[in-house]
Every structure is written in C-alpha cells, then in structure tokens.
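What the coordinates show
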Amino acid sequence: MLQLETAGYKTLDNLRSRGEFPPKWQTIDEVERLTNRFLERFRTERIEVSKDLGPGFLIPELIDRAIRTEESENMDNETIAGAERLEWVRALDRMNHLTLSYDHQCDLLMPVIEKLARQGKPVSILELASGSGGLSFALATKAQQRGLDIRITASDIVPEMVDEGNLIAEQRRLPVRFRQLNAFDFAGLEHGSTDLVVISQSMHHFSPGQLALMIAQAKMHGASAFAGIDGYRSLLLCGGVPLVAALQGMAAFTQDGLTSARKFYSGIELDIIATIATLRQQHRVECSWPLTLLMVTLKELVLPHGS
Ligand SMILES: C[S@@+](CC[C@H](N)C(=O)[O-])C[C@H]1O[C@@H](n2cnc3c(N)ncnc32)[C@H](O)[C@@H]1O
C-alpha cells in the first residue's frame, strides 16, 4: 500500500517531461542537496497527482504521509554511549539470525559476487554502516563454502561496533576487517580498492541525498556495483518489524523497529535516488519480501573469455 507506484510514476513522468528529472549535477558537492530537494519536490507534486487520480489514490498517499517520520533511531543518537548502541546492534543481529534474514540477504547478493569473481581476481567488498558485521560474516562464510575468494571491509561510524567486529573476525578466522568510516564520506578510501559496495538494513538511516552521495562516490571510487538492501515499505511491516523486535525485550530497540519501518524507502524513491546519483538507468529495484533490493551497475565488467 505504501509504494504509491501509479501516482509516483505519473508524477515522475510529469517532472521528466518538464525537464526537471533527473536534476543534473556537475560536482559531487551538489549531489546531496539536489537529491534532497528533488525528493521533496516529488513528494509535494505526488499529492496533487493523487488528488487528480481520486480517493483510491489520495487515501494511501495521506496514510503514507501520516506514517512517515524524520525522527532518528535511538541507535543513531550520539548522546547515548556507543556500548549501549552496540547492545541494540547485537539485538538486530540476533533478530536477523532468528528470521533467517542473513541467508535471504546472501541469496540476493551472491549472484553479483559470483559474477565479479569471474573477473579472475579476489572480490573486494565494502560494507557500509555494517554494525558489528553480521552480514559480512555470513557473506564471508557462504563465499568460503562456494570456493570464492572474497575480501570484506566492514565499516561503521561507531568505534565500539568496529572493535566488536574485529574481535569476532579474529575469533572466527574470517577474511573480514573492520574500520571506522562515515558511510557517505569515502575520502579515506583508496581508489579502486572496492568492487562491490553494500549497505544493508540501513538505507533508511540516511537522507535521500546522503544515499545518492554514497552511490555517486562508489562510482567515482571505481566500484563495479552498489547493492542496497532494506525493509520493504509497507503497512504490514510497520506492525511486523516492531513486533519481531519486541521479542528482544528492549524497549528502545522495539521503538527503533517502528521508527525504521516508518522510514523505509519505497521502490520508486530508491529508483529516483539511483538515477540522480548515476544520471543513468543502470539499476533495478525489486521486492524480495520482506526486503527491497536496489542493485546499481556502476561499471560494465570485462570478463575473461569462456567465463
Ligand atoms: C540498523 S543498524 C544496521 C547494522 C547492520 N547493517 C545490520 O544489518 O545489522 C544501522 C547502522 O548504521 C550505523 N550508522 C549510522 N550512521 C552512520 C554513518 N554516518 N556512517 C556509518 N555508519 C552509520 C549505525 O551505527 C548502525 O550500526
């Protein structure tokens, strides 16, 4: 119900026909501001389109507006100690194991990793906003089982998560190393050091502009692909996510579950963000319930003959 595709694509067609979409940027400094401004414009115009389409379209639009929030999750509250925020990331990790979400996410990512591996060199993966790295560990384990040579750099802005991740990587002897990194600032990264940039269950923690900045920087950095996985924007998950989160018995974590579900991006919003970031249409957005996958091709691969 909260995908609002008919009104959304009609709005986008209107904006495109007026030459407003995609807004063109010249330097990376413009990406964040232009994307945020365009998303605002898109949402404002969509309500007018929904009114024209009739009550069947206007009512979902109004519900979407009522649900949407700009609130931050407790997990991102810098006034709370990193150690406490780490507890909530651990709770998310348990929840992901419980719901078999890591298996699901690995299934979504393995095809692109296998394709990258056909280039005949180790595949370098950068995970952004990784928490303590549950997905990176799951990917490293799956890759080992399949005989794929992958190196993962997992990253987060909270030092406690980075330290915990490095400790687990050492204990489990997996090819994952952690570093502290702001997800939308690639300044400290070596150019060409990453084939695939991944962000999981975190896209809604960032503004549209920050997300576009990540994709644009991944491209400038020489990555071949960008993969974003997050919850599917829907009414059902606005109830379901906090309900499953409540099983962890932590009020702040349950509240984060609700906040997150209210902020999940719709497919069309991710489509818009990727289009502005790359100024082309080399991406797909798909629902793999209860997840959304955004897969952006940043560079065509040159594969050896016969692969
Ligand atoms: C919902 S958690 C997801 C963690 C992990 N990806 C997972 O699926 O378990 C969001 C993560 O984003 C991190 N985060 C928030 N703002 C960030 C930023 N600017 N740069 C890097 N990480 C950030 C938080 O510290 C937190 O670990």
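Going by the structure above, here's the rest.
Residues numbered from 1 in each chain as written. Predicted model: local features only at pLDDT ≥ 70, side-chain atom pairs only at ≥ 80, totals over all residues. Heavy atoms only, no water.

Some details on the overall build of the chain
A tally of regular secondary structure across the chain gives eleven helices and seven strands. Relative to its length of 307 residues, the chain is compact, with a C-alpha radius of gyration of 19 Å against a globular reference of 19 Å. Seen through its C-alpha atoms, the chain measures out along the principal axes to roughly 60 × 50 × 35 Å. In the chain, which comprises 307 residues, the share counted as buried stands at 55%. Restricting the contact set of the chain to residue pairs at least 6 apart, pairs at least 24 apart contribute 77%. For the chain, the exposed area adds up to about 13900 Å²; of that, 53% sits on carbon and sulfur atoms. Here the chain holds 32 positive side-chain charges and 39 negative ones, and the gap between their average locations is 5 Å. (Helix = DSSP H or I, 4+ residues; strand = E, 2+ residues; numbered from the N terminus. Rg over C-alpha atoms; globule rule 2.2 N^0.38 Å. Buried < 20%, exposed > 50% of the residue type's maximum accessible area, 1.4 Å probe, protein only. Contact = heavy atoms within 4.5 Å. Areas by Shrake-Rupley, 256 points an atom, 1.4 Å probe, with all protein chains shown as cover. Lys, Arg positive; Asp, Glu negative; His and termini not counted. Charge placed at Lys NZ, Arg CZ, Asp CG, Glu CD.)

Some words on the packing of helix α2 (residues 31-53) against helix α8 (residues 208-220)
Axis separation between α2 and α8 bottoms out at 7 Å; the angle between their running directions is 135°. The angle between α2 and α8 places the two elements in the oblique class. For α2 against α8, the interelement crossing comes out right-handed. Within the contact between the two elements, α2 uses V31, E32, T35, N36 and L39 and α8 uses P208, G209, Q210, A212 and L213. Residue composition of the contact of α2 with α8, grouped by class: five nonpolar, four polar and one charged. (Axes fitted to C-alpha atoms, helices over the stretch in contact; angles between N-to-C directions. Parallel < 35°, antiparallel > 145°, perpendicular 65-115°, else oblique. Left-handed = near helix turned anticlockwise from the far one by under 90°. Nonpolar A, V, L, I, M, F, W, Y, C, P; charged D, E, K, R; others polar.)

A closer look at the site of the ligand
The ligand sits among 22 residues. The nearest are A129, D156, A183, S200 and Q201. For the ligand, an oxygen atom lies 2.7 Å from a polar atom in the side chain of D156. A distance of 3.1 Å is found between a nitrogen atom of the ligand and a side-chain nitrogen or oxygen belonging to N182. In isolation the ligand has 590 Å² of accessible area, and contact with the protein removes 93% of it. In terms of residue count, the dominant contributor to the shell around the ligand is helix α4 (residues 82-98) (three residues). For the shell around the ligand, a count of residues per class yields eleven nonpolar, eight polar and three charged. (Near = heavy atom within 4 Å. Polar contact = N/O pair within 3.5 Å; in protein donor to acceptor, adjacent residues only side chain to side chain.)

Structural notes on the layout of surface pockets
In this structure, the second largest pocket occupies an estimated 240 Å³ of space. Around the second largest pocket sit 16 residues that line it, and V112, K115, A225, M295 and T297 are the ones nearest its centre. Elements with a contribution of two residues or more to the lining of the second largest pocket: α5 (101-117), β6 (283-288) and β7 (291-297). In the lining of the second largest pocket, the residues fall into eight nonpolar, two polar and six charged. (1 Å grid on protein atoms, 1.4 Å probe; cavity = no way out; pocket = protein on both sides within 12 Å on 5 of 7 lines; lining within 4 Å. Points joined across faces, edges and corners; volume = space filled by probe spheres on them.)

Considerations on the pattern of salt bridges
Pairing between side chains becomes possible if they bear opposite charge and their charged atoms approach one another. If you walk through the whole model with that rule in mind, you get 21 salt bridges. A salt bridge links R43 to E269; its shortest N-O distance comes to 3.0 Å. Separated by 226 residues along the polypeptide, R43 in helix α2 and E269 in helix α11 (residues 267-278) bring together distant segments of the chain. Of the charged contacts in the structure, one is a salt bridge between E164 and R90, with a shortest N-O distance of 2.7 Å. Of this pair, E164 sits in helix α7 (residues 159-172) while R90 sits in helix α4, and the two are 74 residues apart along the sequence. (Salt bridge = Lys/Arg side-chain N within 4 Å of Asp/Glu carboxyl O.)

Considering the side chain of D256
Summarising the element assignment, D256 is placed in helix α10 (residues 251-263). For the buried residue D256, which engages in no salt bridge, the nearest side chain bearing the opposite charge is K263, 8.3 Å off. If sequence neighbours within four positions are ignored, D256 has contacts with E73, N74 and M75.

Some thoughts on α5
What sets the pattern is the α-helix's 3.6 residues per turn: residues three or four places apart point alike. Taking 1.5 Å of rise per residue, 17 residues should cover 24 Å, and α5 covers 24 Å from first to last C-alpha, within 8% of that figure. When the local axis directions of α5 are compared, the greatest deviation, roughly 40°, occurs at L109, which is followed within four positions by the proline P111. (Expected span 1.5 Å × (residues − 1). Bend = angle between axes of the 7 residues up to and from the residue.)

Things to note about α11
Compared with an ideal rise of 1.5 Å per residue, which puts twelve residues at 16 Å, α11 spans 17 Å between its outermost C-alpha atoms and is within 8% of the ideal. If you check which residues of α11 are buried, you get G267, I268, E269, L270, D271, I272, I273, A274, T275, I276, A277 and T278. Of the surrounding elements, those touching the buried residues of α11 are α1 (5-17), α2, α8, β6 and β7. Residue L279 follows α11 closely and has a positive phi angle near 55°.

Here we look at the side chain of T35
Take T35: it is sitting in helix α2. Residues within four places of T35 in sequence aside, it is in contact with P208, G209, A212, I273 and I276.

Remarks on the pairing of strand β3 (residues 176-180)
Of the strand pairs in this sheet, strand β2 (residues 150-156) and β3 are connected by five bridges, and their pairing is parallel. Opposite S155, over in β3, you have R179 as the bridge partner. Between β2 and its parallel partner β3, the chain crosses via α7, and the hand of that crossover is right-handed. (Pairing = 2+ DSSP bridges. Right-handed = clockwise from strand over helix to strand, strands pointing away.)

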